[in-house]
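Residue strings, one per chain:
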Amino acid sequence: MVRGKARPWYASAEGAGYLFLLPWGIGFLCLSLGPILWSLYLSFTDFDLLTAPDWVGTANYVRMFTADAKFMTSVRVTFVYVLFSVPLKLVFALVVAILLNRGIRGLPLYRALFYLPSLLGASVAIAILWRQLFAGNGLVNQFLAQFGIEGPSWISNPNYSLWTLIVLAVWQFGSPMIVFLAGLRQIPADVYEAAQIDGASRWRQFVRITVPLLTPVIFFNAIIQTIDAFKTFTPAFIISNGSGGPVNSLLFYTLYLYQEAFGYFRMGYASALAWVLLIIIALFTAFAFLTSRYWVHYDE
Amino acid sequence: MINHIGRRQFMQIAGLTAVTAGLSSNIAHAAADRLRLIFWGGQARADKTGQASAIFADKTGIAVQNEFLSWNDYWTKLATQIAGGNAPDVVQMDYRYITEYASRNAIAPLDEFVGQQLNLDDFDEDQIQGGSVDGKLYGISLGANSMACVYNTVILEKAGIELPQGGFTYDQLYEYADLFKQAGLPKGISVITDSSGNEQVLESWLRQRKKALYTADGKLAFDADDATEWFIMWSKLRDAGVCVSAEDTALGTGPMESSMLVTGKAAIQTDNSNLLVAYQALMQDPLALAPFPLIAADATGGQYRKPSMFFSIATSSRAKAEAAKFLSFFVNDLEAAKVLGTERGIPCSEAVREALAPTLTPLERASLEYVSSLGDILGPIPPSPPTAAGEINQSVLANISQQVAFGMQKPDDAGPDLVQQANELLSRS
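Rules and cut-offs
- Residues numbered from 1 in each chain as written.
- Chains lettered and ligands numbered in written order.
- Predicted model: local features only at pLDDT ≥ 70, side-chain atom pairs only at ≥ 80, totals over all residues.
- Heavy atoms only, no water.
- Pairing = 2+ DSSP bridges.
- Helix = DSSP H or I, 4+ residues; strand = E, 2+ residues; numbered from the N terminus.
- Axes fitted to C-alpha atoms, helices over the stretch in contact; angles between N-to-C directions.
- Patch = residues over 30% accessible without salt bridge, like charges linked within 9 Å, V, L, I, M, F, W, Y side chains within 5 Å.
- Areas by Shrake-Rupley, 256 points an atom, 1.4 Å probe, with all protein chains shown as cover.
- Salt bridge = Lys/Arg side-chain N within 4 Å of Asp/Glu carboxyl O.
- Buried < 20%, exposed > 50% of the residue type's maximum accessible area, 1.4 Å probe, protein only.
- Phe/Tyr/Trp six-rings, centres within 6.5 Å; stacked < 30°, edge-to-face > 60°.
- Lys NZ or Arg CZ within 6 Å of the ring centre and 35° of its normal.
- Contact = heavy atoms within 4.5 Å.

(A) Expanded view of the sheet that holds strand E8 (residues 147–152) of chain B. All names here are of chain B. In space, the four strands of this open sheet follow the order E9-E10-E8-E11, with mixed pairing throughout. If you trace the sheet from one side to the other, it starts and ends with strand E9 (190–192) and strand E11 (287–290), each paired once. In this sheet, neighbouring strand axes are inclined to one another by 30° on average, regardless of whether the strands run parallel or antiparallel. The sheet contact formed by E8 and E11 spans four bridges and is antiparallel.

Printed below as a string of structure tokens:
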């Protein structure tokens, strides 16, 4: 033992801990916090990537809310998408999870199969596949033709294109489904047995036992899926080839942001758009948390 | 003990210094004997460019490192690289963006190299003009092309149509549609692509009416009445089944593989003459070129010889002289020309064209002859478009033409709408 000499700071348990955290810390400061603050600054500037940023105060934000029709379009497209795709996806995921939870044979296989689409989730390949399926002479219309129905070109008609993407989102129900399955497994079987003895119907069991005990999981899934839906980019980008068309029907918020930033070199305006999106998502999440105590039940 | 450590430290420092010195001398060297080049395009262009670069390296000892991307990814990457101060020495530039990049000082004027490293003695005057912004030369045209209808000869033959060499009129399109119906062609083939949202076709149409897209000082050179008439004309063509439906047109926004010509939805595709070879590579039926439609049989001046793309030198480049040498080689060297062919358009040097002619494939010769035989319908090259032109094309014109095609806006409203939105963008940039 060396005596009289203080051990160097990095040899203590705490010091070593910080040392191990350092790579993450540097990454967080340089690759997350730094760019975040920089983008906040840029959102008050006119910045074209090629020349130095030019301070314009709140002009970007003012323009967004008063003089930008495309901003309003992109907000509307995104809200329709979130409001329809998230609840539908959750209901679908829950129904399939309950079916799978009945202990059917080959459960792992089904679980994997249903999870696969969300694994491929936002991939380019899936978007291209979707484009093929829903094109004018795609598989979907060939199927409909069997029944004498002549379908439109789903992805290139502004009346249907957004709904096609909502169907795509619902189809990728795998990841909330897995979480639901885990949640269902947590509900003790004896609760159901007791209910059966009392003569409760299956529906009553579902409404009175399954749903209340599952609310924390529903809450979790709803928040994650909502945030994800607000950030949707890849399918719209691929299917419309970056244009947001036809007739801006697929002009998602993030796609519009991308166009402004990299299509037209308005980095300052795009940064402002990004901050508004952050605030919208934060408001949604805060709202969910505030109302959660009225409907989310945790074990006491 | 201390002495020993000191010596080890000394050796370490000495070693480090040596390594650093070696590195920095390498970097200093790199500016002179290695150039970086970035361009957009497909594999075929990349192969040809790589071969030409190898010849340049043999002759000068200057290696050229090539990088290529698709059109969409290219502009994102280039803008980011320029912002980061590490743009390649030589960058491929487009007619649409050259004003923007030049006015923001991202690409360097080349005048000081002309007559020195850069030989333009034999270069077409209109192509030099096309690469100039505010009287300074910013881009070396890599080839001339012109707007062209790329058409499927088999389908037109079956319908009994022979496209006249000097161009066909918009009115004739209705006759062609009738012939299509009588010939019993497979269902779903239209005569021509819906070009109401195609900036080039609009420009050609305006020029035949003695107007233009933009004035030399970057203002709109047509009015709401012109635009309304334009949308009405296409609505009529659409209603008569002459052009491709709105739904199908919206499917063809991307690569050539999904174009209406290749997918068999249209017999005539409006595009650029240098793309004939690329379209043919994707199709069995033989293709050929004709000028854009005319507003009347004797209309003139609609077409022009446009620089298909430029090479420019980044302002941040530390090897501008070497880069200028490379540019000169690329457009003048006969060995390079044989490798490059007409993939980037018709070479702009008379000597290169003459040397190249016997080596061309029939298809390449067809595009060369097309550009050189336009005659009266060829007009002067317009001034390079203003900064907002790209956005007006992609965001405003494309969107309004789709709105009209899908029946969400009347042609009468679409004209004023186009002019108003375009003016807004022009005044904002």
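(B) Fine view of a nonpolar patch on the surface. Residue and element names in this part refer to chain A. Residues Tyr18, Leu21, Trp24, Phe28, Leu29, Leu33, Ile36, Leu37 and Leu40 make up a contiguous nonpolar surface patch of about 890 Å² in total accessible area. Within the fold, Leu33 resides in helix H1 (residues 13–42). Judged by its relative accessible area of 32%, Leu33 is partly exposed.

(C) Inspection of unusual backbone geometry at higher detail. All names here are of chain A. Positive phi, close to 55°, is recorded for Asn241, a residue that is not glycine. Its location among the elements puts Asn241 in the loop between helix H11 (234–239) and helix H12 (253–263). In this model, Asn248 sits at a positive phi of 60°, which is unusual for a non-glycine residue. Its place among the elements puts Asn248 in the loop between H11 and H12. Owing to a relative accessible area of 12%, Asn248 belongs among the buried residues under this scheme.

(D) Local environment of the packing of aromatic side chains. Applying the stated rule across the entire model yields 47 aromatic pairs over all chains. Centre to centre, the rings of Trp75 of chain B and Tyr101 of chain B are 5.8 Å apart; their planes meet at 50°, and the pair counts as tilted. With Trp75 of chain B in helix H3 (residues 71–83) and Tyr101 of chain B in helix H4 (residues 98–103), this pair connects stretches of sequence that are 26 residues apart. Overall, the relative accessible area of 4% leaves Trp75 of chain B in the buried class. By relative accessible area, Tyr101 of chain B is classed as buried at 0%. Among the aromatic side chains, those forming a connected cluster through ring pairs are Phe265 of chain A together with Trp40, Trp71, Tyr74, Trp75, Tyr97 and Tyr101 of chain B. The side chain of Arg63 of chain A reaches across the aromatic face of Tyr269 of chain A, ending 4.4 Å from its centre. The lysine or arginine in question, Arg344 of chain B, covers the ring of Phe39 of chain B, its NZ or CZ lying 5.1 Å from the ring centre.

(E) Region of interest: the side chain of Thr73 of chain A. Tracing the backbone through its elements, the reader meets Thr73 of chain A in helix H3 (residues 69–101). Other than its neighbours up to four places away in sequence, Thr73 of chain A contacts Asn248 and Leu251 of chain A.

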